[in-house]
Number of protein chains: 2
Amino acid sequence: MDKTKRTRLETAGWRVGDAPDFLELTAEEAAFVELKLALADYLRDIRVQHGWTQTYVARVLGSSQSRVAKMEAADASVSVDLLVKSLLTLGVSRKQVGQVIARAA
Amino acid sequence: MDKTKRTRLETAGWRVGDAPDFLELTAEEAAFVELKLALADYLRDIRVQHGWTQTYVARVLGSSQSRVAKMEAADASVSVDLLVKSLLTLGVSRKQVGQVIARAA
DNA sequence: CGATGATATGTCCGATACGACATATGCGTC
DNA sequence: GACGCATATGTCGTATCGGACATATCATCG
């Protein structure tokens, strides 16, 4: 299993088993987490591409800098709802959102 | 505005203005609701295609019949998280989920 | 018309998500 | 090193979500 991805998952609040890696996550859970990571990464891409700070994005979204940081980290406390709503608010189309999700794992 | 769609939105717990239709929903809100409706419809399609009852699906998901009904109705009390998790659990791939979302409104 | 099975609607309450704030870490620049 | 700015992490109170249950609506069949 990829080291950095593992770290991200653990950091995001998921317990990953020692040796058997993903064996503690069901296939659906794993797919769900990866889907979330994809959205989170995309959110950061959008922000960085525009040269925006997390604080600025937070203001646009009516949220806080810490929440934006957690979104980009795909923290366990952020929902897909929040990620999708945020992307839409930042001008990403529904179609683009779908493409990000559909992109092969 | 389409009559049945309007009814679905209202039923789903959204307040839609009288004459100006969508004017009370921002563009992002509208896109978000439609995205949710797409997932909800797809969930129903999957279920019906397999000849499953809501009760059966509820058991598979570890939920209740009423929740499944609300999911398919895109009720305001169901999140995109729940819809996505449910679809994945029912065997739909992440890619398929993305395609459903990306499908042009 | 019952009666049965499927779906829809309404409410409750325990669980979780979210915004907020404080604080920590990092990283240039002086 | 110290300052300023961006990002990360931890926690709290409240709002929303979700499973459960009750009940309602609606077919279909006898």
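What you are looking at is a predicted structure, and each value in this text was computed from that prediction instead of being measured.

Undergrad: Would you take a moment to explain the overall build of chain A for this structure?
TA: Tallying secondary structure elements over chain A gives six helices and zero strands in all. Sorting the 105 residues of chain A into buried and exposed places 42% on the buried side. Considering only intrachain contacts with a sequence separation of at least 6, the fraction spanning at least 24 residues in chain A is 56%. A total of about 5500 Å² of accessible surface is found on chain A, and carbon and sulfur atoms cover 51% of it.

Undergrad: How do you make sense of the protein's contact with DNA strand C when you look at a structure like this?
TA: The local shell around DNA strand C holds 17 residues, among which Ser66, Arg67 and Ser79 of chain A together with Arg47 and Gln54 of chain B are the closest. Sugar and phosphate atoms form 47% of the subset of DNA strand C atoms that lie within 4 Å of the protein. One of the side-chain N or O atoms of Arg44 of chain B is found 2.9 Å from a phosphate oxygen in DNA strand C. Here a phosphate oxygen of DNA strand C and a side-chain polar atom of Arg47 of chain B are 2.7 Å apart. Going through the elements one at a time, helix 4 (65-72) of chain A together with helix 2 (27-50) and helix 4 (65-72) of chain B are the ones with two or more residues in the surface near DNA strand C.

Undergrad: I tried to follow the relation of the copies chain A and chain B on my own but got confused; where do I start?
TA: The relation between the two copies of this chain is a rotation about an axis and a shift parallel to it. Least-squares fitting of chain A to chain B yields an RMSD of 0.0 Å, with the transformation described by 0.0 Å of translation along the axis and a rotation of 180 degrees. Here the symmetry operator amounts to a two-fold rotation axis. Minimal C-alpha distance to the rotation axis in chain A is attained by Gly98 of chain A, lying at 2.1 Å. When the interface residues of chain A are mapped onto chain B, 100% of them are again interface residues, pointing to one common binding face.

Undergrad: Is there a simple way to explain the protein's contact with DNA strand D in this structure?
TA: Within the structure, DNA strand D sits among 17 residues, and Arg47 and Gln54 of chain A together with Ser66, Arg67 and Ser79 of chain B are positioned closest to it. Arg67 of chain B is positioned with one of its side-chain polar atoms (N or O) 2.7 Å from a base nitrogen of DNA strand D. Contributions of two or more residues to the surface near DNA strand D are made by helix 2 (27-50) and helix 4 of chain A together with helix 4 of chain B. With four residues, helix 4 of chain A is the largest single contributor of residues to the surface near DNA strand D. Along the lines of polarity and charge, the residues of the surface near DNA strand D split into four nonpolar, nine polar and four charged.

Undergrad: Help me out: how do you make sense of the interface of chain A and chain B in this one?
TA: Many authors give the size of an interface as the accessible area that is lost as the parts come together. Contact residues are listed per partner, giving 23 residues for chain A and 23 residues for chain B. Taken together, the links from chain A to chain B amount to two salt bridges. Between Arg94 of chain B and Glu34 of chain A there is a salt bridge whose closest N-O contact spans 3.7 Å. Taken together, the elements giving at least two residues each to the side of chain A that touches chain B come down to helix 2, helix 5 (80-89) and helix 6 (94-102) of chain A.

Undergrad: Please clarify how the pattern of salt bridges should be interpreted in this entry.
TA: Opposite charge on two side chains lets them pair, provided their charged atoms get close. Residue and element names in this part refer to chain A. Tallying each qualifying case throughout the model produces six salt bridges over all chains. Arg47 is the salt-bridge partner of Glu72, the closest N and O atoms lying 2.5 Å from each other. Of the two residues, Glu72 sits in helix 4 while Arg47 sits in helix 2, which places them 25 residues apart along the sequence. Arg47 shares its class with Glu72; the two are buried. Residues participating in the shared-partner salt-bridge network are Arg44, Arg47 and Glu72.

About the criteria used
- Residues numbered from 1 in each chain as written.
- Chains lettered and ligands numbered in written order.
- Predicted model: local features only at pLDDT ≥ 70, side-chain atom pairs only at ≥ 80, totals over all residues.
- Heavy atoms only, no water.
- Helix = DSSP H or I, 4+ residues; strand = E, 2+ residues; numbered from the N terminus.
- Buried < 20%, exposed > 50% of the residue type's maximum accessible area, 1.4 Å probe, protein only.
- Contact = heavy atoms within 4.5 Å.
- Areas by Shrake-Rupley, 256 points an atom, 1.4 Å probe, with all protein chains shown as cover.
- Near = heavy atom within 4 Å.
- Polar contact = N/O pair within 3.5 Å; in protein donor to acceptor, adjacent residues only side chain to side chain.
- Least-squares fit on C-alpha atoms with pLDDT ≥ 70 in both.
- Nonpolar A, V, L, I, M, F, W, Y, C, P; charged D, E, K, R; others polar.
- Salt bridge = Lys/Arg side-chain N within 4 Å of Asp/Glu carboxyl O.

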